[in-house]
Amino acid sequence: FPRSEEAPAKKLRLSKPSKSAALHIDLCKATNSTDALQYLLHFARKPVEVESVEGVVRILLEHYYKETDNSVRLKIASLLGLLSKTQGFSPDCIVDDAINTLNNEKSHQVLAQLLDTLLVIGTQLPESPTVRQRLIEMACKHLSDTYFGVRNKCLKLLGCLGMADTPLTKDNDGPGASLGLLRDIQSIISDFFGDQDPRVRTAAIKAMLQLHERRIKIHEIIYDQACRLLSDDYEQVRSAAVQMVWVLSQLYPESIVPIPSSNEEIRLVDDAFGKISHMVSDGSWMVRVQAAKTLGSMLQVSHHFLEQTLDKKLMSDLRRKRTAHERAKELFTSGEFSSGRKWADDAPKEKLDTNTVNLIASGACGAFVHGLEDEMFEVRIAAVEALSQLARSSASFAEKCLDFLVDMFNDEIEEVRLQSIHVLREISTHITLREDQLDTVLAVLEDSSRDIREALHELICYTNVSTKECIQLALLELLKNLNKYPTDRNSVWKCLKFLGSRHPTLVLPLVPELLSTHPYFDTPEPDMDDPAYIAVLVLVFNAAKSCPTMPALFSDHTFRHYAYLRDSLSHLVPPLRLPGNGLDLVDSRCGSGSVESAQLFLQQSLNRVSTIQNLEAPGAQDLLNFTIRDLQRLGELQTELAGAADFCATYLRCQLLLMKALQEKLWNMAVPLCLKQNVTATAAAQQILEETYKLEFLYSGLESRQVATIHHVRLQAKALQLILTARTRQGLDPLISSCEKFLQDIESFQRLFVAELPHLQDSFVDKLLELMPRLSSCKPVEMVKILLATLRLSGLLQLRLPEQIHRATATIIEPTGESDNPLRFTTGLVVALDIDATLEHVQDPQNTVKVQVLYPDGQSHVIHPKPSDFRKPGPDRHRLITQVYLSHTAWTEPSQIEVRLLLAYSSSSTSLSSSSASKLGWSDSIDSLPPPEAAVEGTIPFSKPVKVYIMPKPARR
């Protein structure tokens, strides 16, 4: 509901019929309760102004006292709560009436609704402790109600409004103070842990949890009661109790609690861990899921308790472990063997009853084994995630749970398999795979799901293996994968790159076999177009980087292949020093300190451009041209600075276009003599606008300062367009509307970037704002003259770079565009084309990335991929795997279509003003604002186009 303060004050006002009067008339017209209920339902759909709320509440309360039907009173109680939430309305004026209605109400359902309304009022008045105290007293008074709904609402109110650790009415000894109210809020709530109704027991635990969320420390004494609720008959109670036990284990982890039926003691966090582990075998799958998830966040638990969750055997037969000293002493006193003097001195010890001695709840023994073997896949996923969290904090536990996680790779549900692969990838720094484990892992490469295979490739990248046989096995399975699924090529190559660089000493003994070399026979040169041979070379070359003895085993052709791959697949093949065939193949790229020097060069280039004001037009244009060229080359050489260099080059290109368009000879000639130059200037203005949209939406990491600079250039381009319109178009009407629109653009710029205006001193927009009174009153022709003079006098605005700036890029992996075999399909039908692309630094790709298909006849189709077609393999990286459907009329011969990715954008310069206008609500003051500019929508191509051969055949008769 809108705030009245934000609307400007008016002296004269049209009186509207008040909402309260209209409601009163409606309720008086109602002949029965059904009609009254209909009027109330109809009224609830309309917004109510702040000033009318109190009057409406009075009318509702008046009708409430007269109404006998429970359903109408229930609706009125509900409306009171809704009206109390109105922004700008303080409900303290209706507290007394609400409490009064509560005291006189007999219906249980209406009572529950009234308590809900009181809770809303209490949360709207957080600064009023007296109101809060009264509401808590009302809740305590109705806690003895026989209806579960009323007790629930009372407990909820106590949880949301109860104070910390203070008796409820210790100070006042008036009539309201009774013995029950002199107790702590937590003890009152905990009394209802034993309520006969399970819904009330659940509400009591949730109220206690609400106190915890409000930073009120729960008393440790609650722990025993919460533990008893873990064996409740109802799943909602058990589920809430699991949460309660976890909260207490985080609050008092080091407290000591006794173990029932024994003289042992144990840390509270270990005891809670055992009890929650027991719940992983609960009868309800929802409780099992919650218990499994909760275990993952109990990182303070003792090590032996943690390891017990992976072992189904009871820990030490549930005895307390004796120290080595105690065992040695006993052995010394008795002698090593039985002497035979004592009767049955070597008989087996008595069998313990596992129900009586419960050092750790037997359910905790193998809790994760139970969780990972559960029939419900949700429980299995929760158990896998919990294992991940615990294994990340304990290297020894990570090693122990390795076998269990590897077993999950064979789960029948794809989601579970994928999750277990991701988890193993996260803990891979702690572990080394054995050969049998690696065998199980690699078997998943047969999976038909692309996501599973790629997740597994990612896992192998970060996995440590123990023997050269493991490397051989991994290579063999990856080559099989490459043969079966050729589209996995890039993923397999990347995987082998990391495998080689992590295990150089294990790859070394395999090199002669992998490269098929012989000590004294020449072997045939393999085919460089074979992806499998490239995969082997990627493995070997990455291992050779940290193994200087390996290049001695290479053949002559291997050195040539290295030089070829170093150029064609530089992201996969590292720079090596190879003394092969008299050549010293050293990578000539920059060293580690090159990023700093490149940043310095970038900054110097920008500083050099700032001196452009002092140069004549030809010299200034040359300087801009050379700087743009340098920045483009810098971006190609230094990938870390590619975004910043491209951004600066694009900005300077806009300035260069503007400078060329404002050349003196164009504006000194008569209009009919310079039509050709006018066309050039119009094209330049349009190109500047397009470039500014690229600057704004293609780069991430921009600050408000850079966005203001981009909008400033856009404003200059719009001014240029307006001047050209005045020179070429006939008629005054189009010119007047263009001038009005431009003035709106200046105002919206001022509103959007008011904080940045001090940084725009002596700029084009700064001069325009000074001339604003004159511009808004002068004729269009005069305005155009002022704009031209200002535009030609305004200098280059200095660009300041932010810390990090990245350009959104896309690379289409599939289709490759290399095939000469056309895709054949029948005219009128469709053929599916698989698209696989990687996206870098794209914000919200589900809404912005489109696929464009261009046909040879000029037709263009834009396809919106489904949100499920996007994956996120890493930060600032996305993967698009989708299908586009192609169709066309019959062709006489095959031809190429172009496939590219587009980035959609929507820009409205008055977006801020329109959002602030919406806050003004229903007032008439919105008329004084200019109408919002229609959002400029468009697309930017941000991937290289890929050409695909297709051939639509005529249908057979």
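Here, residues in each chain are numbered from 1, in the same order as that chain's written sequence. For a predicted model such as this one, the threshold for reporting local features is a pLDDT of at least 70, and the threshold for listing and counting side-chain atom pairs is 80 or more; totals across whole chains, interfaces and linings nevertheless cover every residue. For side-chain calculations, the full set of non-hydrogen atoms in the structure is used, while hydrogens and water are omitted.

All right, on to the overall build of the protein then. Each helix and strand counted, the protein has 41 helices and 18 strands in total. Split into buried and exposed, the 957 residues of the protein put 47% on the buried side. The contact rule is simple, with two residues in contact once any of their heavy atoms fall within 4.5 Å. Contacts in the protein between residues far apart in sequence, at least 24 positions, make up 74% of those at least 6 positions apart. Put simply, the protein shows about 49,300 Å² of open surface, and 52% of that area lies on carbon and sulfur atoms. Under the scheme used here, helices are H or I runs from DSSP no shorter than 4 residues and strands are E runs no shorter than 2 residues, and both carry numbers assigned from the N terminus. Think of it in three bands: with a 1.4 Å probe and only protein chains considered, a residue is buried below 20% of the maximum accessible area for its type, exposed above 50%, and partly exposed in between. Per-residue and other accessible areas were derived by the Shrake-Rupley procedure at a 1.4 Å probe size, with only the shown protein chains allowed to occlude residues.

Let's shift gears to the pairing of strand β11 (residues 831–840). At least two DSSP bridges between two strands are needed for those strands to be called paired. As paired strands, strand β9 (residues 809–814) and β11 are joined by five bridges and run antiparallel to one another. Note that in β11 the partner of E814 across the bridge is D836. Summarising the sheet, β11 and strand β15 (residues 877–886) pair through 10 bridges and their orientation is antiparallel. Residue pairing in the sheet places D834 in a bridge with Q883 of β15.

This brings us to the sheet that holds β15. The strand order across the open sheet built from four strands is β9-β11-β15-β14, with neighbouring strands paired in antiparallel fashion. For this open sheet the edge positions go to β9 and β14 (870–874), each flanked by a neighbour on one side alone. On average, each strand axis in the sheet is tilted by 30° relative to the strand beside it, whichever way the strands run. Pairing analysis gives three bridges linking β14 to β15, with the strands arranged antiparallel. For every element, the axis is a line fit to its C-alpha atoms; helices are fit only across the contacting stretch, and the angle between N-to-C directions ranges from 0 to 180 degrees.

On to the packing of aromatic side chains. Within 6.5 Å between ring centres, the rings of Phe, Tyr and Trp (the latter by its six-membered ring) count as paired, and their orientation is classed by plane angle as stacked under 30 degrees, edge-to-face over 60, tilted in between. Here the structure, examined in full by the defined rule, presents 10 aromatic pairs. Note on Y462 and F498: the rings are 5.8 Å apart at their centroids and 35° apart in plane angle, and the pair reads as tilted. With Y462 in the loop between α23 (450–461) and β4 (464–465) and F498 in helix α25 (residues 489–502), this residue pair connects regions lying 36 residues apart in the sequence. Exposure remark for Y462: the relative accessible area of 26% places this residue in the partly exposed category. Consider the rings of F541 and F554, whose centres lie 5.8 Å apart with planes at 70°: the pair is edge-to-face. Of this pair, F541 sits in helix α28 (residues 531–544) while F554 sits in the loop between α28 and α29 (556–568), and the two are 13 residues apart along the sequence. On the basis of relative accessibility, which here comes to 0%, the residue F541 falls in the buried class. For F554, a relative accessible area of 8% gives the class buried. An aromatic cluster of three or more residues is present, and its members are F541, F554, F559 and Y562. A ring is scored as having a charge over it whenever the NZ atom of a lysine or the CZ atom of an arginine sits within 6 Å of its centre and within 35 degrees of its normal. Its guanidinium or amino end placed over the ring of Y485, R453 lies 3.6 Å from that ring's centre, counting from NZ or CZ.

With that settled, consider helix α7 (residues 129–141). Multiply 1.5 Å by the residue count of a helix minus one, and that product is the helix's expected span. Between the first and last C-alpha of α7 there are 18 Å, a value that for 13 residues agrees with the 18 Å anticipated at 1.5 Å per step. Taken as a whole, α7 has its buried residues at V131, R132, Q133, L135, I136, E137, M138, A139 and C140. Tucked into the core, α7 has its buried residues touching α5 (95–104), α6 (108–124), α8 (148–161) and α9 (185–191).

Next up on the list: the pattern of salt bridges. A pair is scored as a salt bridge if a Lys or Arg side-chain nitrogen falls within 4 Å of a carboxyl oxygen belonging to Asp or Glu. Using the criterion set out here, one finds 38 salt bridges in the structure. In this structure, D96 and R134 form a salt bridge, with 2.7 Å as the shortest nitrogen-oxygen distance. Taken together, the residues D96 in helix α5 and R134 in helix α7 connect sequence positions 38 residues apart. Shared partners join several salt bridges into a network, and the residues in it are R450, E454, D836 and R879.

Moving on: the confidence of the model for the protein. The pLDDT value tells you how sure the predictor is about a given residue, anywhere from 0 up to 100. Here the protein averages 80 in pLDDT, while 83% of its residues score no lower than 70. When the elements of the protein are averaged for pLDDT, helix α41 (residues 911–918) gives the smallest value, 35, and α28 the largest, 94. Low confidence marks residues 1–16, where pLDDT is under 50. Its contacts with residues over four positions away, or in another chain, come to 19 contacts. Below pLDDT 50 for its whole length, residues 909–933 participates in 33 contacts with residues either more than four positions away or in separate chains.

Each neighbour pair has its own omega, and for E814 with P815 the value is -5°, a cis peptide bond. Structurally, P815 is set in the loop between β9 and β10 (823–826). In this model, H841 sits at a positive phi of 55°, which is unusual for a non-glycine residue. Along the chain, H841 turns up in the loop between β11 and α40 (845–848). Although it is not a glycine, D844 sits at a positive phi angle of roughly 50°. Looking at the secondary structure, you find D844 in the loop between β11 and α40.

This next bit is on the packing of helix α18 (residues 377–392) against helix α21 (residues 414–426). Axis separation between α18 and α21 bottoms out at 10 Å; the angle between their running directions is 0°. The pairing of α18 with α21 is recorded here as roughly parallel in orientation. Of α21, the residues touching α18 (which contributes F377, R380, I381, V384, E385, S388 and R392) are E415, V416, Q419, S420, V423 and E426. Residues are sorted three ways: Asp, Glu, Lys and Arg are charged, Ala, Val, Leu, Ile, Met, Phe, Trp, Tyr, Cys and Pro are nonpolar, and all the rest, Gly among them, are polar. In the contact of α18 with α21, the residues fall into five nonpolar, three polar and five charged. Small angles under 35 degrees read as roughly parallel and large ones over 145 as roughly antiparallel, with 65 to 115 read as roughly perpendicular and the rest as oblique.

A few words now on the pairing of strand β16 (residues 895–907). Where strand β12 (residues 849–854) meets β16, six bridges bridge the pair, whose relative direction is antiparallel. The residue bridging L854 from the neighbouring strand is E898, located in β16. Note: β16 against strand β18 (residues 946–953), five bridges, orientation antiparallel. Following the sheet pairing, I897 is matched in β18 by V948. Sheet topology places β16 next to strand β17 (residues 936–941); six bridges connect them, and they run antiparallel. Residue pairing in the sheet places Y905 in a bridge with G938 of β17.

What follows is about the environment of Q843. In this structure, Q843 sits in the loop between β11 and α40. Here Q843 falls in the exposed class, since its relative accessible area comes to 53%. Expressed as a C-alpha distance, the spacing of Q843 and L698, which sit 145 residues apart in the sequence, is 9.3 Å. What Q843 contacts, discounting residues up to four positions off in sequence, is S700 and T848.

Turning to the packing of helix α3 (residues 50–66) against α5, a few remarks are in order. Closest axis-to-axis distance for the α3/α5 pair is 12 Å, and the angle between their directions is 15°. Considered as vectors, α3 and α5 are oriented roughly parallel to each other. Classified by chirality, the crossing of α5 by α3 is left-handed. In this structure, α3 contributes R58, L61, Y64 and Y65 to the contact, and α5 contributes D97, N100 and T101. When grouped by side-chain class, the residues that make up the contact of α3 with α5 number three nonpolar, two polar and two charged. The sense of a crossing depends on the near helix, which, turned anticlockwise from the far helix by less than a right angle, makes the crossing left-handed and, turned clockwise, makes it right-handed.

Relative to the assigned elements, D766 resides in helix α37 (residues 764–770). Judged by its relative accessible area of 16%, D766 is buried. In this structure the C-alpha to C-alpha distance between D766 and S794, which are 28 residues apart in sequence, comes to 9.5 Å. The residues touching D766, leaving out its near neighbours within four places in the chain, are L760 and Q761.

Attention now moves to the environment of D282. Topologically, D282 is positioned in the loop between α13 (268–278) and α14 (285–295). D282 sits in the buried class, given a relative accessible area of 11%. Each C-alpha atom of the pair D282 and L230 lies 9.7 Å from the other, and the pair is 52 residues apart in sequence. Setting aside residues no more than four positions away along its own chain, D282 makes contact with R238, V287 and R288.

In this section: α18. Think of an α-helix as turning once every 3.6 residues; residues three or four places apart then point the same way. The terminal C-alpha atoms of α18, which comprises 16 residues, lie 23 Å apart, in line with the 22 Å expected from a rise of 1.5 Å per residue. Looking at the packing, one finds that the buried side of α18 touches α14, α15 (303–308), α17 (367–372), α19 (395–400), α20 (402–407) and α21.

Attention now moves to the side chain of R151. You can see R151 is positioned in helix α8. In this structure R151 comes out as buried when scored by relative accessible area, which is 6%.

Note that T709 resides in helix α35 (residues 704–728). In this view, T709 contacts Y651, L797 and L799; residues no more than four positions away in its chain are not counted.

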